[in-house]
Amino acid sequence: MLELDKVSKVSNGEAHISDVSLRLESGTLNVLLGPTLSGKTSLMRIMAGLDRPTRGRVLVDGRDVTGHPVQKRNVAMVYQQFINYPAMTVYENIASPLRIAGADKATIEREVGRASDLLRLGPYLQRTPLNLSGGQQQRTALARAIVKKAGLVLLDEPLANLDYKLREELRAELPKIFSESGAIFVYATTEPSEALLLGGNTATLSQGRITQFGPTVDVFRDPVDLVTAQTFSDPPMNLLAMEKHQGKFVKPGVRDITVPVELSHLAEGPCTLGFRPHNLSLAAGPGTTPLSAKVMVTEITGSESYVHLTHDDQRWVMLTKGIHDIDAGKMLEVHLDTRHLLVFDRDGRTVRARPAGA
């Protein structure tokens, strides 16, 4: 188990990590999700022992390893900017952790073969990294981390430089690899869709703080606050500022929305409704409320269309199936599925249903 206990990191007067506490169990896949500069890489460097926290402790299986260098920890790391040994062949790059550990020839051949097959590197084992594409070099670095069998494997956006098809294949394969190893895997990404595909647990980061940690699907479906909801939304979550007044959400020019009974304890006054792009549609349906918005641009992907809208200076995105070539500048009636609203109070906290009897 890896535990961060009230860890902070300050450099040149700037806080990169602020009071982070986190427990990661052996045999788990843990995603660090957040935008660029949210603190993902800084946190991984502290986990690895590359950086020492300004405050707080790092514990491995209950033992305080704060300040222990990375060389004294059983850690493997893969970065978006891949690192390989340029003078070694791909085979030797992958085998290097095994040779350092004193593995025998048969073990080295078996493990290198397994990793190279998984990462489609078989034809390139006798080449040097400089004779590989960027994607092949990244796969080499990833294969080296896999064979090391480290107790902690840190992956900092490792698939970002791969082509789309291979990236999707590896996203599907990696959880299987992780589940077999017994190691703690920490995977940093800026993409909510990648976190959902990988599964496991997700910690959402914002400005050096963890806003929520738990099973990935739970964090996505039930964010604790607006910051977490926005972190876990791509395209960005759509927002609608309204007021709760006598059992309804109201706003001039917008049809009233009945406040669900389970949220009736929300205080009267300003609040924010959040909804994802697929909760807007072109057609009315059960539980929908019509809204007027202006079309900015439409992105057609083939099977789906992303319609970018504005409503009272708020930018929205609607995701709809099929090809819809809607002229920019057109006023459009869209329909909000109010059954899937997230509601945030004036402090940005998610309003949850009261427990029974509360």
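The coordinates are above.
Treat the numbers as computed from the prediction; the structure is a model and nothing was measured. All residue numbers here refer to positions counted from 1 along the written sequence of the relevant chain. Totals for whole chains, interfaces and linings use every residue, but because this is a predicted model, local features are given only for residues with pLDDT of at least 70 and side-chain atom pairs only at 80 or more, for both listing and counting. As a convention, hydrogens and water are excluded, and side-chain values are obtained from all of the structure's heavy atoms.

Draft legend 1. Representation of the nonpolar core within the structure. Nonpolar cores are built from buried Ala, Val, Leu, Ile, Met, Phe, Trp, Tyr and Cys residues. Side-chain atoms within 4.5 Å join them into one set. When a residue's accessible area, from a 1.4 Å probe over protein chains only, is under 20% of the maximum for its type it is buried; when over 50% it is exposed; and in between it is partly exposed. Grouped together as the largest cluster of nonpolar side chains are 40 residues, with contacts concentrated most on Ile94 and Leu142. For this core, the element with the highest residue contribution is helix H4 (residues 134–148), accounting for six residues. Secondary structure elements are defined from DSSP: runs of H or I of at least 4 residues count as helices, runs of E of at least 2 residues count as strands, and each element is numbered from the N terminus.

Draft legend 2. Structural context of the packing of helix H2 (residues 90–100) against H4. Contact pair H2 / H4: the axes reach a minimum separation of 8 Å and the direction vectors enclose 25°. Relative to H4, H2 is oriented roughly parallel. Two packed elements cross with a definite hand, and for H2 against H4 that hand is right-handed. Here Val90, Asn93, Ile94, Ser96, Pro97 and Leu98 of H2 come into contact with H4, specifically with Thr140, Ala143, Arg144, Val147 and Lys148. Note that Gly is not counted as nonpolar here; it falls among the polar residues with everything else outside the nonpolar set of Ala, Val, Leu, Ile, Met, Phe, Trp, Tyr, Cys and Pro and the charged set of Asp, Glu, Lys and Arg. Broken down by class, the residue content of the contact of H2 with H4 amounts to six nonpolar, three polar and two charged. Whenever a helix is involved, its axis is fitted only over the stretch in contact; in every case the axis is a line through C-alpha atoms, and angles between N-to-C directions fall within 0 to 180 degrees. Note on terminology: angles under 35 degrees are roughly parallel, angles over 145 are roughly antiparallel, angles of 65 to 115 are roughly perpendicular, and the others are oblique. Take the far helix as your reference; a near helix turned counterclockwise from it by less than a right angle gives a left-handed crossing, and one turned clockwise gives a right-handed crossing. Two residues qualify as a contact provided that any one of their heavy atoms is within 4.5 Å of a heavy atom in the partner residue.

Draft legend 3. Region of the structure containing the sheet that holds strand S1 (residues 2–11). The pairing criterion for strands is at least two bridges between them, as found by DSSP. Taken in spatial order, the four strands of this open sheet run S2-S1-S4-S5, and their pairing is antiparallel. Each end of this open sheet is capped by a strand with a single partner; those strands are strand S2 (14–24) and strand S5 (63–64). Pairing analysis gives two bridges linking strand S4 (residues 55–60) to S5, with the strands arranged antiparallel. Of the residues in S5, the one forming a bridge with valine 60 is arginine 63. Strand contacts of helix H1 (residues 40–48): S1, S2 and S4, with the helix running at about 60° to S2, the strand carrying the most contacts.

Draft legend 4. How the structure looks around the layout of surface pockets. Only protein atoms enter the 1 Å grid used here. Points where a 1.4 Å probe fits but cannot escape make up a cavity, open sets with protein on both sides within 12 Å along at least five of seven lines make up a pocket, and a residue lines them when an atom lies within 4 Å of a point. Grid points are joined across faces, edges and corners, and a volume is the space filled by probe spheres set on the points. In this model, the largest pocket occupies a volume close to 530 Å³. Lining the largest pocket are 21 residues, and of these Val75, Met77, Tyr85, Arg144 and Lys148 sit closest to its centre. Sorting the residues of the lining of the largest pocket by element identifies strand S6 (75–79), H2 and H4 as the ones contributing at least two each. Counting residues per element, the lining of the largest pocket draws most heavily on S6, at five residues. Class assignment for the residues of the lining of the largest pocket results in 14 nonpolar, four polar and three charged. In this structure, the second largest pocket encloses a volume near 380 Å³. In this structure, the second largest pocket is lined by 15 residues; those nearest its centre are Ser193, Asp234, Pro235, Tyr306 and Leu319. Among the elements that line the lining of the second largest pocket, the one with the most residues is helix H6 (residues 192–198), at three residues. Classifying every residue of the lining of the second largest pocket by side-chain character gives eight nonpolar, four polar and three charged. Structurally, the lining of the second largest pocket is a two-domain feature, drawing no fewer than three residues from each of domain 1 (2–231) and domain 2 (235–351). Boundary definitions for the domains trace back to an automatic or database domain assignment.

Geometric descriptors of this kind do not, in isolation, establish any biological role.
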